[in-house]
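Topology and contacts: notes
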Amino acid sequence: MKNLSDLMNEVFTLKDEIISLRRDIHEHPELSFKEFRTTELIVDYLKSHGIEVSRPTPTGAVGLIKGNGEGKTIALRADIDALPIKEETNLPFASKNEGVMHACGHDAHTAMLLVAARVLSENRDSFKGTVKLLFQPAEEKAGGAVQLIEAGALQNPRPDAVMGIHVWPYSEAGSIGYTRGPAMASSDFFNVKIIGKGGHGAYPHNTIDPVNALVHTVSALNSLVGRTVNPLDSIVLSVTTIHAGTAGNIVPEEATFGGTVRALNEDTRTRIEKLFKEIASKIPESFGAKSEIEYKRTTRVVYNSPEFIDFMLEAVKEAGVFKKLEELPPTMGSEDFSFYLEEIKYGGFIRLGVKNEKIGAVYGLHSPKFIIDEDALPYGTALHVAVSYKFLNGE
Ligand SMILES: [Zn+2]
Ligand SMILES: [Zn+2]
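As the structure is a prediction and not an experimental result, all values here were calculated from the model.

**Quick look at the domain arrangement of the protein**
Taken domain by domain, the protein consists of domain 1 (4-184 + 301-393) and domain 2 (186-297). Placing the centre of domain 1 and that of domain 2 at their C-alpha centroids yields a distance of 39 Å. Tallying the contact residues gives eight residues for domain 1 and 10 residues for domain 2. Carbon and sulfur atoms supply 69% of the area that domain 1 and domain 2 bury against each other, a total of about 670 Å² over both sides. Applying the counting rule to domain 1 against domain 2 returns zero salt bridges. Of the residues belonging to the side of domain 1 that touches domain 2, the class tally is five nonpolar, three polar and no charged.

**As for the coordination of the zinc ion (ligand 1)**
The coordination sphere of the zinc ion (ligand 1) contains the protein donors Cys104 (SG), Glu140 (OE), Glu140 (OE) and His366 (NE2), at a distance range of 2.0 to 2.7 Å. Angles of 52 to 150° at the metal separate the four donor atoms of the zinc ion (ligand 1), which places the site in the irregular class. Of note, the donors binding the zinc ion (ligand 1) are all from one chain and are spaced C-x35-E-x225-H. A distance of 3.2 Å spans the gap from the zinc ion (ligand 1) to the zinc ion (ligand 2), which Cys104 bridges by coordinating each metal. Of this pair, Cys104 sits in the loop between β3 (73-79) and α4 (106-122) while Glu140 is found in the loop between β4 (130-136) and α5 (144-150), placing the two residues 36 residues apart along the sequence.

**Thoughts on the environment of Thr217**
Mapped onto the secondary structure, Thr217 falls in helix α6 (residues 210-228). Under the relative-accessibility criterion, Thr217 is labelled buried at 0%. For Thr217 and Ser281, which are 64 residues apart along the polypeptide, the C-alpha to C-alpha distance reads 8.8 Å. Not counting residues within four places of it along the chain, the set of residues in contact with Thr217 comprises Ile194, Phe257, Ile279, Ala280, Ile283 and Pro284.

**A few points about the coordination of the zinc ion (ligand 2)**
For the zinc ion (ligand 2), the full set of protein donor atoms is Cys104 (SG), His106 (NE2) and His166 (NE2), at a range of 2.1 to 2.4 Å. Of note, the donors binding the zinc ion (ligand 2) are all from one chain and are spaced C-x1-H-x59-H. When its relative accessible area of 0% is taken as the criterion, His106 is described as buried.

**Some details on the pattern of salt bridges**
Here the structure, examined in full by the defined rule, presents 33 salt bridges. A salt bridge links Arg180 to Glu327, with the nearest nitrogen and oxygen atoms 3.3 Å apart. With a gap of 147 residues between them, Arg180 in the loop between β6 (176-178) and β7 (181-184) and Glu327 in strand β15 (residues 325-327) connect regions that are remote in the sequence. Using a relative accessible area of 33% as the deciding quantity, one classes Arg180 as partly exposed. In this structure, Lys390 and Glu318 form a salt bridge, with 3.0 Å as the shortest nitrogen-oxygen distance. Here the residue Lys390 occupies a position in helix α10 (residues 377-393), and Glu318 occupies one in helix α8 (residues 306-319), the gap between them amounting to 72 residues. The class for Lys390 is buried, based on a relative accessible area of 18%. Glu318 gets classed as partly exposed once you look at its relative accessible area, which sits at 47%.

**Re the packing of aromatic side chains**
Counted according to the given criterion, the structure contains 13 aromatic pairs. When the ring of Phe337 is compared with that of Tyr340, the centres are 5.6 Å apart and the planes differ by 55°; the resulting orientation is tilted. Of the two residues, Phe337 and Tyr340, both sit in the buried class. Taken together, the ring pairs connect Phe190, Phe257, Phe276 and Tyr295 into an aromatic cluster. Over the ring of Phe391 we find Lys72; its NZ or CZ atom is 4.2 Å from the centre of that ring. When the ring centre of Trp168 is taken as origin, the NZ or CZ atom of Arg351, which lies over that ring, is 4.6 Å away.

Reading the values: the criteria
- Residues numbered from 1 in each chain as written.
- Chains lettered and ligands numbered in written order.
- Predicted model: local features only at pLDDT ≥ 70, side-chain atom pairs only at ≥ 80, totals over all residues.
- Heavy atoms only, no water.
- Domains from an automatic or database assignment.
- Contact = heavy atoms within 4.5 Å.
- Buried area = accessible area lost by both parts, 1.4 Å probe.
- Salt bridge = Lys/Arg side-chain N within 4 Å of Asp/Glu carboxyl O.
- Nonpolar A, V, L, I, M, F, W, Y, C, P; charged D, E, K, R; others polar.
- Donors = N, O, S within 2.8 Å, 3.2 Å for Na, K, Ca; no water.
- Tetrahedral: all angles 85-135°; square planar, octahedral: opposite > 155°, others 65-115°.
- Helix = DSSP H or I, 4+ residues; strand = E, 2+ residues; numbered from the N terminus.
- Buried < 20%, exposed > 50% of the residue type's maximum accessible area, 1.4 Å probe, protein only.
- Phe/Tyr/Trp six-rings, centres within 6.5 Å; stacked < 30°, edge-to-face > 60°.
- Lys NZ or Arg CZ within 6 Å of the ring centre and 35° of its normal.

Here it is, written out as structure tokens:
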């Protein structure tokens with residue numbers, strides 16, 4: 001039976017393997033729900049290391065590593081999909097799939113978790129209980145986590161803790177970034193159609209002008225957050241699209257607008273949705289127009305349980321290999337990791353720094369020039385291993 005520092009050594013000796021897996025996946029990116037090659041690669045790798053693997057969804061996979069005797073279960077998640085972006089990095093292993101790119105680092109997430117699985121599997125006698133590996137499709141479409149959960153990925157055994165890692169190009173390579181409580185925002189999308197009565201631009205009194213109704217509605221929505229939500233409670237409402245009309249002398253029949261709402265608190269999110277719907281129906285109504293409102297909720301607030309974050313920091317300290325720790329403020333970006341945290345309350349979503357100015361790794365997530373410092377990758381693998389080892393050997 002080995003100790004945690006033995007396991008950490010094993011992780012760092014496998015650095016080249018993490019990098020070559022990552023490059024292979026990077027070179028062959030696949031869009032959400034189409035990750036067939038990536039899934040084959042994951043399944044083959046896990047099987048070749050004697051890890052039990054199932055495929056509850058068409059793409060993606062779930063692995064199980066049983067330790068030495070009964071115990072708790074920890075789930076580790078990596079998302080595996082890429083984006084519809086044309087890569088502009090000029091890397092020797094740049095995307096071979098024209099117009100598709102791993103610009104969010106999910107290639108790195110997958111590679112880090114694969115090698116963590118190998119190290120944990122080779123050291124099954126060093127812990128009790130079970131490690132569950134969630135290789136999730138379609139994070140970018142925010143449908144993958146729900147699909148995997150609905151397919152039973154969180155049953156048999158049900159995890160007692162869940163952790164995910166996202167590479168973070170805004171922090172120095174190798175740093176472990178954590179946030180207690182709300183870490184990322186919920187994400188909702190709306191589209192509103194205002195229906196008036198069209199006619200001649202010279203005779204507006206004979207029409208019901210949907211453009212005018214839209215302008216008043218959008219204006220009211222733009223002041224909604226500022227006047228109804230505590231300024232210390234972060235929420236964003238952005239109207240980002242407007243479509244109406246065809247000519248200067250025609251009042252159109254309809255006008256539409258759309259956008260997004262992001263919140264760091266589920267109660268505020270719900271309250272804003274209700275107020276949004278009142279404004280988007282009553283203001284057009286006051287001008288004699290009607291409205292059709294589509295309001296679609298996607299991801300929830302990513303809420304990191306503070307107890308889990310404290311536990312993770314202890315594991316990091318004990319592992320002794322991590323050089324930089326950074327407490328980060330929440331971001332208004334979103335993640336479907338929130339659905340695992342909704343089910344398994346004890347868990348966290350951790351950010352791994354991959355920035356390095358010396359090699360040009362300075363571009364943000366979803367940039368066609370997105371580059372990561374691969375020297376950071378063993379730290380992600382090490383975090384998966386250290387947290388699992390400590391959780392499963394704890395009381
Ligand atoms: Zn992304
Ligand atoms: Zn991502």
